[in-house]
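Chains, contacts and geometry: an overview
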Amino acid sequence: MIMKMFNRLSSFPKGGVHPQDFKLSANRPIEFLPPPKTVTIPVSQHFGAPAIPIVKTGDKVKIGQVIAKADGFMSTNIHATVSGIVLRIEKCMDVSGYKRLAVVIDSQGEEWLEGVDLSRNFKADIVLTASEIIKKVQQDGLAGLGGATFPLHVKLSPPKGKQAEILLINGVECEPYLTADHRLMLEKGPEIMVGIKILMKALDVRKALIGIEANKIDAIEHLSKLAKDFHNIDVIALQVKYPQGAEKQLVEAMIGRQVPIGGLPIDVGCVVQNVGTAFAVYESIQKNKPLIERVVTVAGESLKRSSNFLVRLGTPISYLIEIAGGLPEDTGKIISGGPMMGKALNTPEVPVVKGTSGILVLSRSFSKRDPVLPCIRCARCVSHCPLGLEPYLLMNLVGKAMYEEAEQEMIMNCCECGSCAYVCPAKRPLLDSIRLGKSFIAQQRKERVKP
Amino acid sequence: MMYTVIVSVFLLSLTGILSGVILYFVAKKFQISEDPRIDAVEAVLPGVNCGGCGYPGCRKFAEACVLAKNLDNLFCPVGGNKGMIEVSKILGLDVAEKEPKVAVVRCNGSLKNRPRINEYDGEAQCKIVHNLYTGETGCSYGCLGFADCVRACKFDAITINKETLLPVVDEKKCVACGACVKACPRHLIELRYQGKDNQRVFVSCSNPEKGSIARKNCSAACIGCGKCFKACAFDAIKIGENLAYIDFKKCTLCRKCVSQCPTGAIHEVNFKLASDNQVQETKVNV
């Protein structure tokens, strides 16, 4: 059966790179991590408006209790991830190093909110209706756990006149090092399947496809076996290629449809969700458990115990590294996320949030940037760009502050996958410049709309 | 043979004369009369095209001057008052004298005051670093030290001090064109009045965080304690967002605030060193 799958391995047609995959923790089962003494829960963990805190300093909170309410449609609730007392509500450093509002809770005991099903029973029957599901996932603070943290209820309610036909489940995990989704697929297969069923019901679609890269053969086998019981769910094995986990590339790789410029997958009749999200949906709908924890890969060559942990949101990253054997001496960079798209941290004293898929501890020699040389016009960046952009040109335009021309060259279409900077033989900081241009143009666009 | 030469010479001369006549009439018909004063004004302008006046070059500024009814809103910072008087002489307009300005850097996070907590090895441009993260120090408001202002300055007036890693403005060279103000992604550079005898007092910090946090990251940070505010008799100091700001229009350069600042965030420029007695006196008075 696997041979048959390999014969028709598909992928996105243009660009992409093949970084060495370094999946150090692929064989390590998910470990439950006891909650730390204090958690710092930022109120802005999702794409969209930050939630508004509704607790006060000194309040007693239980696990799963709402501590910040969604501010409008494009926002989700934030929940307490430990039980205890709210120490303070203040601006704390987030992954970018800038300070954002957060609720700091002192952990005391393990008291759950009433109604949360903590038993190990597996529930397969879906009781709620589609509209109830969408309401429930917003209440439970669900956001895309792949990294972009787009609020789930927004994706589940397509704009008028557009109907989803296919649900695509992203089990690609194309970033090197990360194994959180891989382990989740192996260990929580049935739950993920029910989660997909729930998502299908909410979206009213008949078909769901799970895309998994061919370097996770055990996960492909496991989920294919489970999928036999669900005749609408199929598993597709995909070629190993970065950035296959990006939404637009995944849609093209799996069903051959191209998402239009500036459009969303719903424009071509599909919705993409991460396997982690599918599991969180199961927990929310079947077990009444809000999004308070996620699987995080902690990995690094010189780290003593690279592994996958089930972590409460708000746990300081330094605590995670401590559990994984402490910070090695030759550490050069600590990265939140994958090595391609992740962010190097200013300090490890920042919390795990909904979008944190991994913590990487890279050695100094491995993570050091090479000196920048002049462009030799080899056009490798052009041939490796999955979106067909010309990164060298965009970098030059941004460098000369020619933002309008850069906008015409579709700079805003860039998905920031970093393939261009990865392949550049002159080690030019292509992505940094493009990011700068994008943020500048985004600001300009905002100001244009203003009266 | 001879015939060919004569014909071609004749034809070419004829075409030449005809085109000349046509060009003459076209030039007459479509002649654009330009105010000769534009050239005259441009001649007295410095001609550096720095954009400090707000126009895209000296020529455009000259055109604007000629078209304007008064020169109140037009000022060339490079030529200064002298230059504007010459412009006004050509145009026969009055010009009010403006107090000259100079760029000041409102950050004092030198290596000693603000230790580096991480190392950045990417592209050395302030705007890129600012876009990526908070910078090498704990202060997310202070100078990044990658010299975007130095590159923006057309007059070589800013250099990075190698010991402090902070930009230093050469007051003699600075013309207050404002190019560095625009170049700084953290908005640390401000154009302030040069002041009497080139003396100035200003708060050299831009961090609006709470005092304790700001102080943790930088020992020379303004902590918003309000001591300078109480010491000022001229209502020139405002405290907002944990940060003091001295209004250079109201400041009389009495310098009472300088000795009050517990972190040394208030800077005095070009004053003679205050004797110990004076400092003690002010302390007793307050």
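Counting its secondary structure elements, chain B contains 11 helices and eight strands. Taking 286 residues into account, the globule formula puts the C-alpha radius of gyration at 19 Å, and chain B, at 28 Å, lies well above it. By principal-axis analysis of the C-alpha atoms, chain B measures approximately 105 × 50 × 30 Å. The 286 residues of chain B split such that 34% are buried. At a minimum sequence separation of 6, the contacts of chain B that also span at least 24 residues come to 60%.

For the rest of this paragraph, the subject is the domain arrangement of chain B. Residues and elements named next belong to chain B. Domain boundaries in chain B define domain 1 (36–91) and domain 2 (101–285). Computed over C-alpha atoms only, the centres of domain 1 and domain 2 are separated by 32 Å. Taken together, the six residues of domain 1 in the interface contact six residues of domain 2.

Further remarks concern the environment of Gln260(B). Residue and element names in this part refer to chain B. Relative to the helices and strands, glutamine 260 resides in helix 10 (residues 256–260). In this structure glutamine 260 comes out as partly exposed when scored by C-beta crowding, with 19 C-beta atoms within 10 Å. With 65 residues separating them in the primary sequence, glutamine 260 and glycine 195 have C-alpha atoms 21 Å apart. With sequence-adjacent residues up to four places away left out, glutamine 260 is seen in contact with Lys227, Cys228 and Ala231.

Residue and element names in this part refer to chain A. Looking at the assigned domains, one finds that chain A contains domain 1 (2–26 + 117–287) and domain 2 (380–449). For domain 1 and domain 2, the distance between their C-alpha centroids amounts to 29 Å. If you look at the interface, domain 1 gives 12 residues, while domain 2 gives 12 residues. A per-class count over the side of domain 1 that touches domain 2 returns seven nonpolar, three polar and two charged.

With that settled, consider the packing of helix 5 (residues 189–203) of chain A against helix 8 (residues 275–287) of chain A. Residues and elements named next belong to chain A. Packing of helix 5 against helix 8 brings their axes to within 7 Å, and their N-to-C directions diverge by 80°. What the angle tells us is that helix 5 and helix 8 run roughly perpendicular. On helix 8, the residues touching Glu191, Ile192, Val194, Gly195, Ile196, Ile198 and Leu199 of helix 5 are Val275, Ala278, Phe279, Val281, Tyr282, Ile285 and Gln286. When grouped by side-chain class, the residues that make up the contact of helix 5 with helix 8 number 11 nonpolar, two polar and one charged.

On to the sheet that holds strand 11 (residues 233–238) of chain A. Residues and elements named next belong to chain A. Pairing in this open sheet of four strands is parallel, and the strands run 11-10-9-12 from one edge to the other. Single-partner strands in this sheet number two, and they are strand 11 and strand 12 (270–274). Direction aside, neighbouring strands of the sheet carry axes that sit 25° apart on average. Bridge count between strand 9 (residues 166–171) and strand 12: five bridges; the pairing is parallel.

Below, the discussion takes up helix 8 of chain A. In a regular helix each residue adds 1.5 Å, so 13 residues correspond to 18 Å; helix 8 of chain A covers 17 Å between its end C-alpha atoms and thus fits that length. With 12 of 13 residues buried, helix 8 of chain A lies mostly within the body of the structure.

Another point: the interface of chain A and chain B. Across the contact, 14 residues belong to chain A and 12 residues belong to chain B. Along the lines of polarity and charge, the residues of the side of chain A that touches chain B split into four nonpolar, six polar and four charged.

Residue and element names in this part refer to chain A. The buried fraction of strand 13 (residues 293–299) amounts to seven of the seven residues, a majority that puts the element mostly inside the structure. Of the two faces of strand 13, the one carrying Glu293, Val295, Thr297 and Ala299 and the one carrying Arg294, Val296 and Val298 are both buried. Taken together, the six bridges between strand 13 and strand 14 (residues 307–312) define a ladder with antiparallel strand orientation. From the neighbouring strand, threonine 297 faces strand 14, where its bridge partner is asparagine 308. Examined bridge by bridge, strand 13 and strand 17 (residues 358–363) share three bridges and lie parallel to one another. Opposite alanine 299, over in strand 17, you have leucine 360 as the bridge partner.

Residues and elements named next belong to chain A. Two elements, strand 2 (residues 38–42) and strand 8 (residues 99–107), share five bridges in a ladder whose sense is antiparallel. Each residue of the ladder has a partner; that of threonine 38, found in strand 8, is aspartate 106. Direction of pairing for strand 7 (residues 84–93) relative to strand 8: antiparallel, over a ladder of nine bridges. If you follow arginine 88 over to strand 8, its bridge partner there is valine 104. Connecting strand 7 to the antiparallel partner strand 8 that follows it, the hairpin turn spans five residues, and glycine 97 within it adopts a positive phi of roughly 95°.

Definitions and limits used
Residues numbered from 1 in each chain as written. Chains lettered and ligands numbered in written order. Predicted model: local features only at pLDDT ≥ 70, side-chain atom pairs only at ≥ 80, totals over all residues. Helix = DSSP H or I, 4+ residues; strand = E, 2+ residues; numbered from the N terminus. Rg over C-alpha atoms; globule rule 2.2 N^0.38 Å. Buried ≥ 20, exposed ≤ 12 C-beta atoms within 10 Å, placed from the backbone. Contact = placed C-beta atoms within 7 Å. Domains from an automatic or database assignment. Nonpolar A, V, L, I, M, F, W, Y, C, P; charged D, E, K, R; others polar. Axes fitted to C-alpha atoms, helices over the stretch in contact; angles between N-to-C directions. Parallel < 35°, antiparallel > 145°, perpendicular 65-115°, else oblique. Pairing = 2+ DSSP bridges. Expected span 1.5 Å × (residues − 1).

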